Every structure is written in C-alpha cells, then in structure tokens.
Amino acid sequence: LGVARVACGDYDLERGIITYHSNYTDGAAVELLGSCPPDAFAVDDLASLEAGTPWVSADMEHDPRTSPHEIWQMFERIGTYAAIVVPYTRNGSLIGSLFIHSDKPRAWHQDEIALAEDAAGRMWTAIERVQAEEALMLADVRKDQFLAMLAHELRNPLAPISAAAELLKLK
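This structure is a prediction, so every number in the text was calculated from the model and none was measured.

**Some remarks on the overall build of the chain**
No. 1: Broken down by element type, the chain carries three helices and six strands.
No. 2: Its C-alpha atoms give the chain a radius of gyration of 27 Å, clearly above 16 Å, the size a compact globule of 171 residues would have.
No. 3: For the chain, the proportion of its 171 residues judged to be buried stands at 30%.
No. 4: Long-range contacts, defined here as pairs at least 24 residues apart, represent 49% of the contacts in the chain between residues at least 6 apart.
No. 5: Counting only carbon and sulfur atoms, one obtains 60% of the accessible surface of the chain, whose full area is about 10,700 Å².

Structure, rendered in structure tokens:
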C-alpha cells in the first residue's frame with residue numbers, strides 16, 4: 001500500500017484505553033506503542049468502529065471528523081494525514097483495530113480498503129487460532145496438574161489404611 005505505518009490496537013472500552021502494538025513503519029514514521037484514551041476519535045467515529053464499519057479519511061487535516069484543533073494536533077504529531085482503520089468486533093463488542101496511516105493526504109481506492117479489510121480479517125483469524133491453541137495447551141497442563149494432585153492424594157490415605165489393616169491382622 002505504500003503507507004508510513006501499520007499498527008494493531010486492542011480496545012478496552014471499560015477501562016477507556018486503546019493499546020497499540022505490532023507496528024510496521026517505513027522507517028521515518030514513529031511507532032505507536034502503549035496506551036491512550038479512545039476519545040482521540042470523535043464520538044461518531046468510535047461508534048462506526050463499534051458497528052464494525054471501517055473508518056476512512058483521505059485528508060485528516062481537512063476532514064470535519066478530525067479537523068477540530070485538538071484532534072488534528074494529535075494526528076499531526078504522529079505524522080498521520082490519511083488513514084484507514086479496520087475494526088475487529090466479537091459478539092457485538094469492539095475489541096481491536098488495524099490502523100493504516102499515510103504521511104500525506106491520500107485518496108484511498110476501494111480496492112485498497114478491501115485489501116485492508118482482507119488483511120485484517122486474516123490477521124484476526126490467525127490471532128484467534130493462536131489464542132485457541134494456547135487455551136488448549138493451558139487446559140492440558142491444568143488437567144495434568146489435577147491428575148497428579150489426585151494421584152498423590154489417593155496414595156496418601158492408602159498408607160494409614162493399609163497400616164491399620166496390618167495391625168488388625170496381628171493378634
């Protein structure tokens with residue numbers, strides 16, 4: 001896509017933070033790492049992401065959604081002049097987004113937006129697969145720990161019972 005930055009962010013709307021990680025930059029753009037409040041987006045923008053709709057801006061300095069001074073200053077500081085944000089929702093809740101940023105105004109073509117959506121979908125599928133595998137491995141470890149504890153607990157009571165049985169045999 002010839003962009004300056006691609007980042008992945010997780011939303012925790014209950015705590016009111018977005019955590020950015022997994023950055024790609026062109027070498028000139030700064031990485032987005034760490035957390036910030038989600039109100040950097042206007043309320044309508046966050047609502048569209050929560051609905052699962054990609055957010056697209058060709059010129060953020062002049063876009064009415066991002067041109068208010070305090071919002072535009074934040075994007076200008078990180079060198080973002082155009083962006084595509086592809087949300088990831090699960091069970092009706094926004095849990096993450098793929099952020100694609102350009103360091104200059106740019107008219108995004110529909111095929112570029114579709115490519116971003118496809119890449120985001122593949123990324124989230126891979127993430128969910130890894131999370132499911134990790135959950136299965138953790139469940140397997142817990143099962144093994146439980147069985148080891150159960151075997152130990154069953155062995156312990158048998159010793160006094162067998163000792164008592166031996167005593168009963170004695171006259």
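**Here's the deal with the environment of glycine 79**
No. 1: Along the polypeptide, glycine 79 turns up in the loop between helix H2 (69-77) and strand E5 (82-90).
No. 2: Its relative accessible area of 24% is what places glycine 79 among the partly exposed residues.
No. 3: When the C-alpha positions of glycine 79 and arginine 5 are compared, they lie 9.4 Å apart, and in sequence the two are 74 residues distant.
No. 4: Leaving out residues up to four positions away in the same chain, glycine 79 has contacts with Ser102 and Asp103.

**Let's talk about the confidence of the model for the chain**
Regions with low pLDDT should not have their predicted coordinates read in detail.
No. 1: Here the chain averages 85 in pLDDT, and 95% of its residues register 70 or above.
No. 2: The least confident element of the chain, judged by mean pLDDT, is helix H1 (residues 43-50) at 68; the most confident is strand E4 (residues 55-57) at 91.

**Focus: the pattern of salt bridges**
No. 1: Applying the stated criterion to the full structure yields nine salt bridges.
No. 2: The salt bridge involving arginine 106 is made with glutamate 112; its shortest N-O contact spans 2.5 Å.
No. 3: Residues aspartate 144 and lysine 143 are paired through a salt bridge, measuring 3.3 Å at the closest nitrogen-oxygen approach.
No. 4: For aspartate 144, a relative accessible area of 40% corresponds to the partly exposed category.
No. 5: Residue class for lysine 143 comes out partly exposed when judged on its relative accessible area of 42%.

**Quick look at the sheet that holds E5**
No. 1: Strands sit in the order E3-E2-E1-E6-E5-E4 across an open sheet of six strands; the sheet is antiparallel. Taken across any chain shown, the strands that pair with only one partner, and hence form the sheet edges, are strand E3 (34-36) and E4. Taking each pair of neighbouring strands and ignoring which way they run, the sheet shows an average axis angle of 20°.
No. 2: When strand E2 (residues 17-25) meets E3, the two strands line up antiparallel, connected through three bridges. Each bridged residue has a counterpart across the sheet, and for tyrosine 20 the counterpart in E3 is glycine 34.
No. 3: The strands touched by helix H3 (residues 110-169) are strand E1 (5-12), E4, E5 and strand E6 (93-102); relative to E5, the strand with the most contacts, the crossing angle is about 40°.

**Considerations on a nonpolar patch on the surface**
No. 1: A cluster of nonpolar side chains, Phe146, Leu147, Met149, Leu150 and Leu154, forms an exposed patch at the surface whose accessible area comes to about 480 Å².
No. 2: Its place among the elements puts leucine 147 in helix H3.
No. 3: Taking relative accessible area as the criterion, leucine 147 reaches 45% and is therefore assigned partly exposed.

Analysis parameters
- Residues numbered from 1 in each chain as written.
- Predicted model: local features only at pLDDT ≥ 70, side-chain atom pairs only at ≥ 80, totals over all residues.
- Heavy atoms only, no water.
- Helix = DSSP H or I, 4+ residues; strand = E, 2+ residues; numbered from the N terminus.
- Rg over C-alpha atoms; globule rule 2.2 N^0.38 Å.
- Buried < 20%, exposed > 50% of the residue type's maximum accessible area, 1.4 Å probe, protein only.
- Contact = heavy atoms within 4.5 Å.
- Areas by Shrake-Rupley, 256 points an atom, 1.4 Å probe, with all protein chains shown as cover.
- pLDDT = per-residue confidence, 0-100.
- Salt bridge = Lys/Arg side-chain N within 4 Å of Asp/Glu carboxyl O.
- Pairing = 2+ DSSP bridges.
- Axes fitted to C-alpha atoms, helices over the stretch in contact; angles between N-to-C directions.
- Patch = residues over 30% accessible without salt bridge, like charges linked within 9 Å, V, L, I, M, F, W, Y side chains within 5 Å.

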